[in-house]
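# Geometric and topological summary
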Amino acid sequence: MNSNYIAKGIAVTLLQIAKFSVLSLAMVLSIGWVQAQTAKPTVVLHRDGAGELDADGWTKAKSTNGKYSVDLPTKFKDFTATHDDPKSPIAQAYGLSARMMQPIRFTTSRMRFRGGKGAARKQFEQIKAAAGKRPYKTVKPMRMNDYEALEAELEVKKGRAIQRTVLLDEDLFTIIMEYANTEEAAAMRLAPRFFKSVSFE
């Protein structure tokens, strides 16, 4: 996979994940599910419409297998995708996703790579080098929960997205908020709690 992999080749994996995630195709492309053609992953939907909303309309979402949790402003889906094809660099992905009535989407995914630390680091560095290449507008280094991380702004169809990518030893964790241009003000009100609430086990 070269440094331009983000904008090339849509694997069957993308279409399968999209059935269970609320991510738009552009956002799935951005988190690394672009690769050589491989067999479909096995996707297990653990829960749909899950979560008890508090007085403010938020719920604590915990991944069944991903060993993380995050606050979401609506009920959510919880799923695991397992890729048995040895040609796939990603062995498993543990996702949570939610979509509000207005077009604001929230997605988190912890991706486990076959190549361990080296493969996760390679993917992380590719995202870091993607600044200015579609769909990435900017990519900036940061720290998140004491881990090395990147914050990116992306352009998607009729909207934008904020993506944080966290290097967790052998895994990569992504947390993404995607919104229509018309909903930017509402999205910015929700962003602080969403991004700050992530907790890893």
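This one's a predicted model, so the numbers in the text were calculated from it and none came from an experiment. (Residues numbered from 1 in each chain as written. Predicted model: local features only at pLDDT ≥ 70, side-chain atom pairs only at ≥ 80, totals over all residues. Heavy atoms only, no water.)

### Digging into the side chain of Thr 80
Using the following cut-off: Secondary structure is summarised from DSSP: a helix means a run of H or I of at least four residues, a strand means a run of E of at least two, and numbering begins at the N terminus for each. Burial classes: relative accessible area under 20% of the type maximum marks a residue as buried, over 50% as exposed, and values in between as partly exposed (1.4 Å probe, protein chains only). By the criterion applied in these results, polar contacts are pairs of N or O atoms within 3.5 Å in which, for protein atoms, one can donate a hydrogen and the other can accept it, and in which residues neighboring in sequence qualify only through two side-chain atoms. Contacts are assigned to residue pairs with any non-hydrogen atoms lying within 4.5 Å of each other.
One can find Thr 80 in strand 4 (residues 76-82). Relative accessible area serves as the criterion here: at 6%, Thr 80 is assigned to the buried category. In terms of polar contacts, Thr 80 uses its side chain to reach the side chain of His 46, at 2.8 Å. If near-sequence neighbours (up to four positions away) are discounted, Thr 80 is found in contact with Thr 42, Val 43, Val 44, His 46, Asn 65, Gln 92, Ala 93 and Tyr 94.

### A closer look at the packing of aromatic side chains
Note the following rule: Pairing of aromatic rings covers Phe, Tyr and the six-membered ring of Trp, with a centre-to-centre limit of 6.5 Å; geometry is then stacked below 30 degrees between planes, edge-to-face above 60, and tilted otherwise.
By the definition in use, this model includes five aromatic pairs. For the pair Phe 173 and Phe 200, a centre-to-centre distance of 4.9 Å together with 85° between the ring planes defines the contact as edge-to-face. Residue Phe 173 is found in strand 10 (residues 171-180), and its partner Phe 200 is found in strand 11 (residues 199-200); the two are separated by 27 residues along the sequence. A single burial state applies to Phe 173 and to Phe 200, both of which are buried.

### What about unusual backbone geometry?
In the Ramachandran plot, Lys 67 falls in the positive-phi region, its phi being about 60° despite a non-glycine side chain. Mapping Lys 67 onto the fold places it in the loop between strand 2 (59-62) and strand 3 (68-72). Even without being a glycine, Asp 146 presents a positive backbone phi close to 70°. Within the secondary structure, Asp 146 sits in the loop between strand 7 (136-144) and strand 8 (147-156).

### Remarks on the sheet that holds strand 3
Defined as follows: Pairing between two strands is assigned when DSSP locates at least 2 bridges connecting them.
On the basis of which strands lie adjacent, the open sheet formed by three strands has the order 2-3-11 and antiparallel pairing. On the outer flanks of this sheet lie strand 2 and strand 11, each paired with one strand and no other.

Taken by themselves, the reported measurements are silent on function.
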